[in-house]
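Chain by chain, the residues:
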Amino acid sequence: MTDRVARIQAEWARERPDVDVSPQAVIGRLHRLAAVLTEQLAVVYRRHGLGEGEFDVLAALRRAGPPYERAPGELAQHTMVTTGAITKRIDRLERDGLVTRRSEGSDGRRRVVALTAAGLRVIDRAFTEHMANERRLVDLVAAEDARALERILGDWLRHFES
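Here's a quick rundown of the structure. Computed from a prediction, not measured in an experiment: that's the story for all the values here.

**Focus: the overall build of the protein**
Part 1: Looking only at helices and strands, one finds seven helices and three strands in the protein.
Part 2: Its helices and strands taken in sequence order, the protein reads α-α-α-β-α-α-β-β-α-α from the N to the C terminus.
Part 3: In terms of overall dimensions, the protein is more spread out than a globule: its C-alpha atoms have a radius of gyration of 20 Å, far above the 15 Å expected for 162 residues.
Part 4: Principal axes of the C-alpha set define a box for the protein whose edges measure 65 × 30 × 25 Å.
Part 5: The buried share of the protein, reckoned over its 162 residues, is 28%.

Listed below in structure tokens is the structure:
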């Protein structure tokens, strides 16, 4: 079976036989798959009135355990959201009543972001549905292939994150 990536590779191989296009077989498919998976995951986020970044921030606060709070810098370290984007996400979540911000410490310079009761309810419902959705997506491949992908992708990712 020929997919879009294989067709692109064949065209490049014809036009530039001097260049090894074999990496496209992996990178091209990963790139396309990431876009498809991101959209499949975003469907759940939208159902709960969230974007991917907002979901990630709420999830990081929930994972912190009671009292479900972290400093903004900690949120950046515990999410897939950049530090520059954290403030925008927190602003929206605060506006929607899902988080609060407060000063902490004697000088008041340390800020803390915490889940509200409404935020806790939203992230618990969204996370439950999110994990069911991820299960559905992973189950599209054989269990042994999923385990192999987990190992391979983990090994590959460590080259960039260590």
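Resuming the write-up.
**Thoughts on the side chain of R89**
Part 1: Along the chain, R89 falls in helix α5 (residues 83-95).
Part 2: Buried charged residue R89 carries no salt bridge. Nearest counter-charge: E54, at 4.0 Å.
Part 3: Ignoring anything within four residues of it in the chain, the contact list for R89 reads G53, E54, V57 and V81.

**Notes on the pattern of salt bridges**
Part 1: According to the stated counting rule, one finds 15 salt bridges in the structure shown.
Part 2: Of the charged contacts in the structure, one is a salt bridge between D155 and R158, with a shortest N-O distance of 2.4 Å. Within this pair, D155 and its partner R158 are both found in helix α7 (residues 143-161), separated by three residues, close to a single helical turn.
Part 3: Judged by its relative accessible area of 34%, D155 falls in the partly exposed class.

**Quick look at the side chain of Q9**
Part 1: Its location among the elements puts Q9 in helix α1 (residues 4-15).
Part 2: By relative accessible area, Q9 is classed as buried at 15%.

**A few points about the pairing of strand β3 (residues 110-115)**
Part 1: Sheet topology places strand β1 (residues 69-70) next to β3; two bridges connect them, and they run antiparallel. Opposite E69, over in β3, you have A114 as the bridge partner.
Part 2: Note that strand β2 (residues 99-104) and β3 share six bridges and pair antiparallel. Residue pairing in the sheet places R101 in a bridge with V113 of β3.

**Some details on the nonpolar core**
Part 1: Ranked by size, the top nonpolar core spans 26 residues in total, and within it L50, L58, L75 and V99 carry the most contacts.
Part 2: Going through the elements one at a time, α2 (24-47), α3 (52-63), α4 (72-77), α5, β3 and α6 (117-138) are the ones with two or more residues in this core.
Part 3: Among the elements that line this core, the one with the most residues is α3, at six residues.
Part 4: Beyond its immediate stretch of four places on either side in the chain, V99 contacts L58, L61, I90, L93, E94, V113, A114, L115 and T116.

**Concerning α2**
Part 1: Between the first and last C-alpha of α2 there are 34 Å, a value that for 24 residues agrees with the 34 Å anticipated at 1.5 Å per step.
Part 2: Contact partners of the buried residues in α2: α3 and α6.
Part 3: Count one or two residues on from α2 and you reach G49, which has phi positive near 75°.

About the criteria used
Residues numbered from 1 in each chain as written. Predicted model: local features only at pLDDT ≥ 70, side-chain atom pairs only at ≥ 80, totals over all residues. Heavy atoms only, no water. Helix = DSSP H or I, 4+ residues; strand = E, 2+ residues; numbered from the N terminus. Rg over C-alpha atoms; globule rule 2.2 N^0.38 Å. Buried < 20%, exposed > 50% of the residue type's maximum accessible area, 1.4 Å probe, protein only. Lys, Arg positive; Asp, Glu negative; His and termini not counted. Salt bridge = Lys/Arg side-chain N within 4 Å of Asp/Glu carboxyl O. Contact = heavy atoms within 4.5 Å. Pairing = 2+ DSSP bridges. Core = buried A, V, L, I, M, F, W, Y, C linked by side-chain atoms within 4.5 Å. Expected span 1.5 Å × (residues − 1).

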